[in-house]
Amino acid sequence: MYPYDTVIFDLDGTLLNTLQDLADSTNYALALQGMPARTLEEVRRFVGNGVGRLIHRAVPEGTPEEVEARVLADFRAHYTLNMEHKTAPYPGVLPLLDRLGQAGIRTAVVSNKFDSAVKGLCHAYFGARIPVAIGESQGVARKPAPDTVFRALEELGAGTGRAVYVGDSDVDIQTAANAGLPCLSVSWGFRDAEFLTAHGAQRIVDTPQALEALLLGA
């Protein structure tokens, strides 16, 4: 018997490296309002709490709410059409997902990215490997609330008893705790091992191969 029968993954920084496309759309939207561009490392620090929070952090301090709302709308429109240009699965992720599928382990994605983008990216890059993908939408609280995790488990027909959460950020650590799941934190994404340790990570893995070994009890 494997240690887990269900794995709930974060998306950005865990399965997919989306950073450059996020930065491009952020800077496109900022430029439309005459605002200064943000560096790739700034955008890396801003992501993790949904695109609304990303844009709030990216606009200059003191930006009026109505202007920030326009930047967010421009970001969403641009990202929807350009989110697959520079995005790719991290090396080793597709073999990991294939191995989990072969082992009969259920998988899902929960993300604070808006729902249509989450579903679109998972379909484009993972196909049937990820049968359930849930993003931010009205009526469902964002992570670190556990709502998306519970919805994913329900759609998979799984319980919490042998489920595990995998993510790359402090938000993911909090989400797992709020859902009552163990958390495996990955260091190859948007936050490094030092940051994760400082924010309460209990177990950090450095490669998808090491993650596979933990998930399959190898």
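Below, the structure is looked at part by part. Just so it is clear, the structure is predicted and the values come from calculations on it, not from any experiment. The residue numbering used here restarts from 1 in each chain and proceeds along that chain's sequence as written. The model is predicted, so local features are restricted to residues of pLDDT at least 70 and side-chain atom pairs to those at 80 or more, both for listing and for counting; the totals for chains, interfaces and linings are taken over all residues. Hydrogen atoms and water are omitted, and side-chain values are computed over all heavy atoms in the structure.

## Quick word on the overall build of the protein chain
- Each helix and strand in the protein chain was counted, giving ten helices and eight strands.
- We take the radius of gyration over the C-alpha atoms and set the globule estimate at 2.2 Å times the residue count to the 0.38 power. Taken over the C-alpha trace, the protein chain has a radius of gyration of 17 Å; the compact-globule value for 218 residues is 17 Å, and the two agree within 12%.
- For the protein chain, the spread of C-alpha atoms along the three principal axes comes to 55 × 35 × 30 Å.
- In the protein chain, which comprises 218 residues, the share counted as buried stands at 51%.
- Sequence separation of at least 24 residues holds for 67% of the intrachain contacts in the protein chain that already meet a minimum separation of 6.
- Here the protein chain contributes 19 positively and 26 negatively charged side chains, and the mean placements of these two sets differ by 2 Å. Segments assigned H or I by DSSP are reported as helices when at least four residues long, segments assigned E as strands when at least two residues long, and all are numbered from the N terminus. Exposure categories follow from relative accessible area, calculated using a 1.4 Å probe and restricted to protein chains: below 20% of the type maximum is buried, above 50% is exposed, and the middle band is partly exposed. We call two residues in contact whenever any of their non-hydrogen atoms come within 4.5 Å of each other. Under the convention used here, Asp and Glu are negative, Lys and Arg are positive, and both His and the chain ends fall outside the count. Lysine's charge is taken at NZ, arginine's at CZ, aspartate's at CG and glutamate's at CD.

## Considerations on the side chain of threonine 87
- Within the secondary structure layout, threonine 87 lies in the loop between α4 (65–82) and β3 (88–89).
- For threonine 87, a relative accessible area of 6% corresponds to the buried category.
- Side-chain polar atoms of threonine 87 contact the backbone oxygen of methionine 83, separated by 3.2 Å. Here a polar contact means two N or O atoms within 3.5 Å. Within protein one must be a hydrogen donor candidate and the other an acceptor candidate, and residues neighboring in sequence count only if both atoms are side-chain atoms.

## Some details on the pattern of salt bridges
- Salt bridge, as used here: a side-chain nitrogen of Lys or Arg that lies within 4 Å of a carboxyl oxygen of Asp or Glu. Applying the stated rule across the entire model yields ten salt bridges.
- A salt bridge links aspartate 12 to lysine 113, with the shortest nitrogen-to-oxygen separation between them at 2.8 Å. On the criterion of sequence distance, the pair formed by aspartate 12 in the loop between β1 (6–9) and β2 (16–17) and lysine 113 in strand β4 (residues 106–114) is long-range, its members being 101 residues apart.
- The buried category is assigned to aspartate 12, whose relative accessible area is 12%.
- Linked by salt bridges that have partners in common, Asp5, Arg106 and Arg162 make up one network.

## Things to note about the sheet that holds strand β5 (residues 132–136)
- On the basis of which strands lie adjacent, the open sheet formed by six strands has the order β5-β4-β1-β6-β7-β8 and parallel pairing. Each edge of the sheet is formed by a strand with only one pairing partner; in this case those strands are β5 and β8 (204–205).
- What makes two strands pair is DSSP finding at least two bridges between them. When β1 meets β4, the two strands line up parallel, connected through four bridges. Along β4, the bridge assignment pairs threonine 6 with arginine 106.
- Between N-to-C directions, angles cover 0 to 180 degrees, with each direction set by a line fitted to C-alpha atoms, over the stretch in contact for helices. Against the sheet, helix α7 (residues 147–156) makes contact with β1, β4, β5 and β6 (163–167), and its axis sits at roughly 155° relative to β5, the strand it touches most.

## Section: the side chain of asparagine 112
- Here asparagine 112 shows up in strand β4.
- With relative accessibility at 4%, the residue asparagine 112 sits in the buried group.
- At 2.9 Å, the side chain of asparagine 112 forms a polar contact with the backbone nitrogen of lysine 143.
- Beyond its immediate stretch of four places on either side in the chain, asparagine 112 contacts Gly48, Asn49, Gly50, Val51, Glu136, Arg142, Lys143 and Val171.

## Overview of the pairing of β5
- With respect to burial, β5 is a largely interior element, four of its five residues being buried.
- Bridging between β4 and β5 involves four bridges; their strand directions are parallel. Its bridge partner being in β5, valine 109 is matched across the sheet by alanine 133.

## Some details on the environment of leucine 16
- The topology assignment puts leucine 16 in strand β2.
- A sequence separation of 34 residues divides leucine 16 from glycine 50, and the C-alpha atoms of the two residues are 15 Å apart.
- Beyond its immediate chain neighbours, meaning those up to four positions away, leucine 16 contacts Leu11, Thr87, Ala88, Pro89, Tyr90, Leu121, Tyr125 and Phe126.

## Side note on empty space enclosed by the protein
- Of the grid points, spaced at 1 Å and generated over the protein atoms alone, those admitting a 1.4 Å probe that cannot get out make up cavities, while open sets with protein on both sides within 12 Å along at least five of seven lines make up pockets; any residue with an atom within 4 Å of a point is treated as lining. Grid points are joined across faces, edges and corners, and a volume is the space filled by probe spheres set on the points. Per the stated rule, a full pass over the model turns up one cavity of 30 Å³ or more.
- Counted as a void, the largest cavity has a volume near 220 Å³.
- Along the wall of the largest cavity there are 17 residues; nearest its centre are Asp12, Val47, Gly48, Gly50 and Lys113.
- Sorting the residues of the lining of the largest cavity by element identifies α3 (51–58) and β4 as the ones contributing at least two each.
- When residues of the lining of the largest cavity are assigned to their parent elements, the largest contribution, three residues, is made by β4.
- Classification used: nonpolar for Ala, Val, Leu, Ile, Met, Phe, Trp, Tyr, Cys and Pro, charged for Asp, Glu, Lys and Arg, polar for all others including Gly. When its residues are assigned to classes, the lining of the largest cavity shows five nonpolar, five polar and seven charged.

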